[in-house]
Amino acid sequence: MVPEERVSSHCEGGRRVDETPGSPGPPPSRGSLGEQILAVGAASVAALGLSAQVAYYFPRVVDDLFISLRYADNLAHGLGPVFNPGERVEGFSSPLWMLLQSAALWLGFEGVTATKLFGCVALLLCLVGAHRVGRELLGLRGTLARAAPLTLVANSYLVNWSLLGLETPAYNAAVLWVMVLCRRQLLAPSRSGAMRLGLSAVLLGMLRPEAPVMLTLIFGATLLTLPAAKSPRAALTRLAVPGSVAALLLLILMLWRHRYYGEWFPNTYRIKGLVAAFDLQRLASLWEQGVGAAERLVYLLGAAGLVAIGLRRRALAPALMLLGCGGFVASVTADWMPSLRHLLPITILCPLGVLALLQACVDAAGAAADNWLRQLARLGLLLGCALLAVAGLELLQIDNRYSPEEVRGRDWVRPKTWSAWQDSWASFQHREPAHVTRMDRYDMGQITQVWGILETSELPLTESWYAGRDIGAVGYYTGVRVFDTAGLITSVVSHDRGWVSHRRVSEQLISELLARRPLAGELYEGWELVLGQRTDFWQKYRLRFGSRLHPHAWLATDRVPPSRSVLLERYRRVVARFPQQFDLHTLYGESVGAAVRRRLRIVEAESDDS
């Protein structure tokens, strides 16, 4: 005989509500006038805060956005999902995100703006999903349930990465919603619920390489922590159909990948996970590298709350997501990605865990027979609210956090500044920021590589090559072919054992690079050391910066340059390809949109003078 569930009670809106640990939570009620005013106030604060955060970060992009966009652009124009036409390498991390971008480009939308709008929609789904996870899995009610989206609005890491152009916000939203829909289907099965769960699971599986592992954890946690009143067979039946459909479609995706790219897994896994050793130190950004004391405490208490409340309510999926996310990050090479990109699910879920502990304090204060217990619960509630408020204010003030891969000393945190707000506002007005006006005529920040590609050779750019890494924007805006020294889109690098295992650059790799006769290049990570030993290299190239023994950046000297008319046409095509609604900024705020327009004016003036 199945033991009877313990029933907990609480007061809401003057009514007594009974709730079993397995229930999704009481239905929402209109409540008193004061509660409705509080709800409207919370929604208004969330909307204003979110609008300000989005406006601040909207102009910014990360270079990897353009890698996915280049694949999407080629697919939309009938060349297939490739970066370099004719070279089949899966260098993007999210098939679904790339397909969305390709659909937008095929319909005639500008790619960067469309991608950012996708990110805004996904961010809104994150906010609603956090509310649903809080209510239905963690038992949040009333004000605490409404506070769940506010913790995300304050999360500058999340808002920033939602606007930078990668699949990050969609992945985070899908994780939240699959947990919710899985729980709903277990407790109240329906055909429509099964369809929604199956579709959401497929979408999640196509968003990130680690997503199938997260799906397994969510479905497994839901089955293993089912309410005692539900039999394992009944629970398995309710989740079997959507789970099987999702697994089948993801298997089909894997078979297609093998047929088209010749690989069972994305090339990103070969580069970042194939030989990476498990290292918990990769999680250090949660408690080191500029993290505030309140933020650190939220992660600690939140994780404990997700476990404790998850056990009590038989809803351990959020707690297992912390474990899955941490395990994934510790198992792969996380690159330089700052601001906790790979750890964002933890930064989303831990504040919900703190709110769940606060809800337990509210319930304890209402049920306590002794006054001292009631006062203790209220003190815990007060301290928890103060902790979330302080942590939220800390996060709101952060612009970005640097990565250990970037040489910044111990000054990890870049705060929001008034000048950065002005630069964001100026980007919507197409006004040139002061830092762009101060730039040299040629060396104009991260977009400088484009000038060398456009100005070096009269040959069509689509038949020319560039060598280097972090080459998304260069490839997307110029159309040049790219030899990627990181191996992300170049199979001869990603399949070289010496490079993958030890980051050792061989003479063979240098020969492969030079065989493509690149117009220009910018090399690091040992490539420049081996190239510097080739004395014949300087017969065809000149140094841009570095030294002859460490040639970091260089340009070809043995090509016929384009005519003035061709050069102007190239520059104008690049400028026209940029977003017209705003000027693009790099990750840390450098305005490449204003820089490329300024460079066009310089070239036009030089043409007039000649």
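Quick caveat: nothing in here was measured; it's all calculated off a predicted structure. (Residues numbered from 1 in each chain as written. Predicted model: local features only at pLDDT ≥ 70, side-chain atom pairs only at ≥ 80, totals over all residues. Heavy atoms only, no water.)

### Comments concerning the side chain of S94
- Looking at the element boundaries, S94 is found in the loop between helix 2 (64-76) and helix 3 (95-106).
- Of the residues examined, S94 reaches a relative accessible area of 2% and is grouped as buried.
- At 3.2 Å, the side chain of S94 and the backbone nitrogen of W97 are in polar contact.
- Not counting the four nearest positions on each side in its chain, S94 is found in contact with E167, M206 and L207. (Helix = DSSP H or I, 4+ residues; strand = E, 2+ residues; numbered from the N terminus. Buried < 20%, exposed > 50% of the residue type's maximum accessible area, 1.4 Å probe, protein only. Polar contact = N/O pair within 3.5 Å; in protein donor to acceptor, adjacent residues only side chain to side chain. Contact = heavy atoms within 4.5 Å.)

### Digging into the pairing of strand 9 (residues 551-556)
- Counting buried residues in strand 9 gives 6 out of 6 residues, a clear majority hidden from the surface.
- Where strand 7 (residues 520-522) lies against strand 9, 3 bridges are found, and the strand directions are antiparallel. Among the inter-strand pairings, A520 is bridged to a residue of strand 9, identified as L555.
- Bridge count between strand 8 (residues 541-546) and strand 9: 5 bridges; the pairing is antiparallel. When the sheet's bridge partners are listed, Y541 is paired in strand 9 with A556.
- Where strand 8 folds back on strand 9, the antiparallel hairpin that results is connected by 4 residues. (Pairing = 2+ DSSP bridges.)

### Let's talk about helix 12 (residues 293-313)
- In this model, helix 12 (21 residues) spans 29 Å end to end at C-alpha, consistent with the 30 Å of a helix rising 1.5 Å per residue.
- For helix 12, every residue scored as buried is listed here: A294, E295, V298, Y299, G302, G305, L306, I309, G310 and R313. The arc that holds every buried residue of helix 12, seen down its axis, measures 145 degrees, which confines them to one face. Across helix 12 from its buried face, at more than 90 degrees, point the exposed residues A293, L300 and L311.
- The positive-phi residue at the C-terminal boundary of helix 12 is R314, with phi of around 55 degrees. (Expected span 1.5 Å × (residues − 1). Arc of directions from axis to C-beta.)

### Re the pattern of salt bridges
- Within the structure shown, the criterion is met by 24 salt bridges.
- For R141, the salt bridge is made with D363, and the minimal N-O distance between the two is 2.4 Å. Of this pair, R141 sits in the loop between helix 4 (111-137) and helix 5 (142-153) while D363 sits in helix 14 (residues 344-367), and the two are 222 residues apart along the sequence.
- Assessed through its relative accessible area of 8%, R141 is described here as buried.
- For the salt bridge of R597 with D583, the shortest nitrogen-to-oxygen distance reads 2.5 Å. With R597 in helix 25 (residues 592-609) and D583 in the loop between helix 24 (564-577) and helix 25, this residue pair connects regions lying 14 residues apart in the sequence.
- Relative accessible area serves as the criterion here: at 22%, R597 is assigned to the partly exposed category.
- Overall, the relative accessible area of 2% leaves D583 in the buried class.
- Within the structure, one salt-bridge network assembled from shared partners comprises E167, R208, E210 and R341. (Salt bridge = Lys/Arg side-chain N within 4 Å of Asp/Glu carboxyl O.)

### Here's the deal with the sheet that holds strand 6 (residues 481-484)
- The strand order across the open sheet built from 5 strands is 6-5-7-9-8, with neighbouring strands paired in mixed fashion. Sheet topology places strand 6 and strand 8 at the edges, where each strand pairs with a single neighbour. Neighbour-to-neighbour, the strand axes of the sheet open up by a mean angle of 20 degrees, direction not taken into account.
- Judged from the 3 bridges that link them, strand 5 (residues 465-468) and strand 7 form a sheet pairing that is parallel. (Axes fitted to C-alpha atoms, helices over the stretch in contact; angles between N-to-C directions.)

### Quick word on a nonpolar patch on the surface
- Taken together, the side chains of V241, V245, L248, L249, L251, I252, L255, W264, F265, Y269, L274 and V275 present a nonpolar region at the surface, about 1,100 Å² in accessible area.
- Ranked by residues supplied to the nonpolar patch, first place goes to helix 10 (residues 232-261) with 7 residues.
- Accessibility expressed as a relative area gives 54% for V241, which makes it exposed. (Patch = residues over 30% accessible without salt bridge, like charges linked within 9 Å, V, L, I, M, F, W, Y side chains within 5 Å. Areas by Shrake-Rupley, 256 points an atom, 1.4 Å probe, with all protein chains shown as cover.)

### Some details on helix 15 (residues 371-396)
- Relative to the 38 Å expected for 26 residues at 1.5 Å per residue, helix 15 spans 37 Å between its end C-alpha atoms, a close match to the ideal helical length.
- Those residues of helix 15 that fall on the buried side of the exposure criterion are A377, G384, L387, L388, A391, G392 and L395.
- On its buried face, helix 15 is in contact with helix 6 (156-163), helix 12, helix 14 and strand 3 (398-401).

### Focus: the packing of aromatic side chains
- Tallied over the full model, the rule gives 25 aromatic pairs.
- Ring geometry for F58 versus F582: centroids 5.2 Å apart, planes at 75 degrees, classification edge-to-face. With a gap of 524 residues between them, F58 in the loop between helix 1 (33-57) and helix 2 and F582 in the loop between helix 24 and helix 25 connect regions that are remote in the sequence. Assigned by exposure class, F58 and F582 land together as buried.
- Consider the rings of Y71 and F92, whose centres lie 4.9 Å apart with planes at 75 degrees: the pair is edge-to-face. (Phe/Tyr/Trp six-rings, centres within 6.5 Å; stacked < 30°, edge-to-face > 60°.)

### Description of the packing of helix 2 against helix 3
- It is the contact of helix 2 with helix 3, at a shortest axis distance of 8 Å, that shows an interaxial angle of 55 degrees. Considered as vectors, helix 2 and helix 3 are oriented oblique to each other. Between helix 2 and helix 3 lies a crossing of right-handed hand. Only W97, M98, L99, Q101, S102, L105 and W106 of helix 3 make contact with helix 2, whose side of the interface consists of L65, S68, L69, Y71, A72, D73, L75 and A76.
- Of the residues contributing to the contact of helix 2 with helix 3, the split by class is 11 nonpolar, 3 polar and 1 charged. (Parallel < 35°, antiparallel > 145°, perpendicular 65-115°, else oblique. Left-handed = near helix turned anticlockwise from the far one by under 90°. Nonpolar A, V, L, I, M, F, W, Y, C, P; charged D, E, K, R; others polar.)

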